[in-house]
Amino acid sequence: MVFFKCGVSLISKLRSRAVQQPSLRDSVRWLQVQTSSDLDLHSQLKELIPEQQERLKKLKSEHGKVQLGNITVDMVIGGMRGMTGLLWETSLLDPEEGIRFRGLSIPECQKVLPAAKPGGEPMPEGLLWLLLTGKVPTKEQVDSLSKELRSRSTIPDHVYKTINALPVNAHPMTQFATGVMALQVQSEFQKAYEKGIHKSKYWEPTYEDSLNLIAQVPVVAAYVYRRMYKNEQVIPMDDSLDYGGNFAHMLGFDSPDMLELMRLYLTIHSDHEGGNVSAHTGHLVASALSDPYLSFAAALNGLAGPLHGLANQEVLLWIKSVVEECGENVTKENLKDYVWKTLNSGKVVPGFGHGVLRKTDPRYTCQREFALKHLPDDPLFKLVSNLYEVVPPILLELGKVKNPWPNVDAHSGVLLNHYGLTEARYYTVLFGVSRAIGICSQLIWDRALGLPLERPKSVTMEWLENYCKKAA
Ligand code: NMX
Ligand code: MLT
């Protein structure tokens, strides 16, 4: 019996495409139609974990010595770009096509994941279920998970007091990461480890911490927003709302379109395979058996850098500076001049370029589609559309940029701004709330599969020089 919104046809289509595309075949192989009516995510995982443990054991014993290409000096000194060195089960990034969550692209997720309203955007709880189990959940399962997350969302009072100890104008990411660190006090993993727990059971308290963390980050994030920008007037959770809808509500935005935007936003920012700075940081810190709170707080500190998640803030501030200097109806010629002015002052054009992607980010495209549907006449959206035409040729002209196309951050700010969330410095917190879903999902699997301490080898320049001399 199949409990699945769009029926078997889409999965059949995916499977037949997977047969034609070997890269897709591996990711889709694990994706299954949800065949159980069990509403409990934990019992689903309990069933899946032994299978996947066996799969990893077999991979190690049968193929452990297979070589995966060659590592070059460029890769060693160039931020490990292009070096395959991490196991990350929840998603896989193709440079041309973009992200796939457990084998499903963003448009496919938009089709098959349950929505809060008919034909609406996917619910992030559904994506969480997909990332954790590799299965598309039913609407009933997603509703049950929404309820469970609400039941886990109570924040201990000391968390608010800890945030309040910071100046109210401290960067929102500093306040948010501080709040996450304060939540750590309740870690079930830490308690279990202190008591003594067998390593085969690590995933269970990690699961508890992860679901609690995912449930609580929107509440902490909304508190930071209301503290900073709305005279500390906190809005309580609405028990009738889902995860994404509730987050928008607690921030103070109740229009149905903003609720839909938040569901889409939290879904698409959640996971981007393992090598990006935040996911990799979370995974690295967790590899020392640090609990999910410690690991995720570390990830947030990476996300707060301007080359990574802070770029969403930088994009809107940059766009506003364009408007300030050139007006809202800026011509393409003036835009070109402004882009060159930015580059000539030694800065990057925020929202463009990527460490892996070599085409327009599908997360940009789906936000553009949202804008075309809901706010086609917004002046800043028009400006973003013009930038899509103006920036890539200029970046190509520079001759060194590997990907001149827009990334996820090029678009998110103008959508939020349109619905009244105008405080750009806050935007990276939204990215962070979403990323808890991806990082924690993988972390549960890190523990279930018993992944080891991460500890790559480093060398000095002298070592490299000597090595290259010998190799010449
Ligand atoms: N504007 C100006 N220069 C750029 C840009 C850009 N948007 N993108 C890349 N370059 C430069 C880069 O700084 C480097 O210059 P140099 O050799 O002088 O150091 C050169 O082009 C080669 O860089 P790439 O190999 O193309 O890119 P890399 O993988 O090193 O970096 C980013 C990727 C995303 C850090 C880079 O494209 C960038 O700085 N983009 C703007 C910031 C941004 O939008 N970040 C958000 C990324 C997505 N996210 O959410 O994390
Ligand atoms: C992300 O979502 O993490 C960014 O696109 C950066 C990356 O993937 O490297």
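Residues numbered from 1 in each chain as written. Chains lettered and ligands numbered in written order. Predicted model: local features only at pLDDT ≥ 70, side-chain atom pairs only at ≥ 80, totals over all residues. Heavy atoms only, no water.

An unreviewed UniProt entry annotates the protein chain as Citrate synthase of Fraxinus pennsylvanica. Its UniProt record gives the protein chain the following Sequence similarities (unreviewed entry) comment, quoted word for word: "Belongs to the citrate synthase family." (UniProt positions renumbered as here; feature names shortened; annotations may be inferred.)

Let's shift gears to the packing of aromatic side chains. In this structure the tally under the stated criterion is twelve aromatic pairs. Judged by centre distance (4.5 Å) and plane angle (50°), the rings of tyrosine 160 and tyrosine 223 are tilted. Here tyrosine 160 is found in helix H8 (residues 157-164), whereas its partner tyrosine 223 is found in helix H11 (residues 203-229), with 63 residues between them in sequence. The same class applies to tyrosine 160 and to tyrosine 223, which are both buried. Ring centres of tryptophan 203 and tyrosine 207 lie 6.2 Å apart, and the angle between their planes is 80°; on these two criteria the pair is classed as edge-to-face. Here tyrosine 207 and tryptophan 203 lie together in helix H11, a separation of four residues that amounts to about one turn. Just as tryptophan 203 is buried, tyrosine 207 falls in that class too. Feature note: the residues Tyr225, Tyr229, Phe253 and Tyr426 constitute an aromatic cluster, connected by ring pairs. (Phe/Tyr/Trp six-rings, centres within 6.5 Å; stacked < 30°, edge-to-face > 60°. Helix = DSSP H or I, 4+ residues; strand = E, 2+ residues; numbered from the N terminus. Buried < 20%, exposed > 50% of the residue type's maximum accessible area, 1.4 Å probe, protein only.)

With that settled, consider the sheet that holds strand S4 (residues 104-105). Pairing is antiparallel across the open sheet formed by three strands, whose spatial order is S2-S3-S4. Edge positions in the open sheet fall to strand S2 (91-94) and S4, since each of these has one partner strand only. Pairing of strand S3 (residues 98-101) with S4, which is carried by two bridges, proceeds in the antiparallel orientation. Across the sheet, phenylalanine 101 pairs through a bridge with leucine 104, a residue of S4. (Pairing = 2+ DSSP bridges.)

What follows deals with the site of ligand 2. Around ligand 2, the neighbouring residues are His272, Asn276, His308, His354, Arg363, Phe431 and Arg435. The separation between an oxygen atom of ligand 2 and a polar side-chain atom of asparagine 276 is 3.4 Å. In this structure, arginine 435 approaches ligand 2 through a side-chain N or O atom, which is 2.6 Å from an oxygen atom. Notes on ligand 2: free accessible area 270 Å², of which the protein chains cover 84%. Of the residues belonging to the shell around ligand 2, the class tally is one nonpolar, four polar and two charged. (Near = heavy atom within 4 Å. Polar contact = N/O pair within 3.5 Å; in protein donor to acceptor, adjacent residues only side chain to side chain. Areas by Shrake-Rupley, 256 points an atom, 1.4 Å probe, with all protein chains shown as cover. Nonpolar A, V, L, I, M, F, W, Y, C, P; charged D, E, K, R; others polar.)

Taking 1.5 Å per residue, 22 residues should reach 32 Å; helix H21 (residues 427-448) reaches 33 Å between its end C-alpha atoms and fits that length. Its axis deflected by about 30° at arginine 435, H21 carries its strongest bend there. Of the residues one or two after H21, glycine 450 is the one with positive phi, at around 65°. (Expected span 1.5 Å × (residues − 1). Bend = angle between axes of the 7 residues up to and from the residue.)

Moving on: the UniProt feature "active site" (unreviewed entry) in the protein chain. UniProt tags His308, His354 and Asp409 as "active site" (unreviewed entry). The greatest C-alpha distance among the residues just named is 10.7 Å, despite their covering 102 residues of sequence, which places them together in space. Within the fold, histidine 308 resides in the loop between helix H15 (292-303) and helix H16 (311-326). The residues touching histidine 308, leaving out its near neighbours within four places in the chain, are Asn276, Val277, Ser278, Gly302, Leu303, Asp409 and Arg435. Within the element layout of this structure, histidine 354 appears in the loop between helix H17 (332-344) and helix H18 (362-374). The class of histidine 354 is partly exposed, set by a relative accessible area of 26%. Here histidine 354 is in contact with Leu93, His272, Arg363, Asn403 and Asn407, once residues within four sequence places are set aside. Within the structure, histidine 354 has its side chain in polar contact with the backbone nitrogen of valine 356 (distance 2.9 Å). (Contact = heavy atoms within 4.5 Å.)

On the surface, Asp38, Asp40, Glu47 and Glu51 cluster together into a patch of negative charge. Of note, aspartate 40 is situated in the loop between strand S1 (32-33) and helix H3 (41-63). (Patch = residues over 30% accessible without salt bridge, like charges linked within 9 Å, V, L, I, M, F, W, Y side chains within 5 Å. Salt bridge = Lys/Arg side-chain N within 4 Å of Asp/Glu carboxyl O. Lys, Arg positive; Asp, Glu negative; His and termini not counted. Charge placed at Lys NZ, Arg CZ, Asp CG, Glu CD.)

Another aspect to go through is unusual backbone geometry. Here arginine 102, not a glycine, exhibits a phi torsion of approximately 45°, which is positive. Mapping arginine 102 onto the fold places it in the loop between S3 and S4. Of note in this structure, glutamate 273 is not a glycine but carries a positive phi near 50°. Tracing the sequence through the fold places glutamate 273 in the loop between helix H13 (256-268) and helix H14 (277-286).

To continue, consider the site of ligand 1. The full set close to ligand 1 counts 21 residues, and His308, Gly351, Lys400, Lys402 and Asp409 are the nearest of them. For ligand 1, a nitrogen atom lies 2.8 Å from a polar atom in the backbone of phenylalanine 352. The contact in question runs from an oxygen atom of ligand 1 to an N or O atom on the side chain of aspartate 409, over 2.5 Å. Computed on the free molecule, ligand 1 has an accessible area of 890 Å², of which 76% lies beneath the protein chains in the complex. A class-by-class count of the residues in the shell around ligand 1 yields eleven nonpolar, six polar and four charged.

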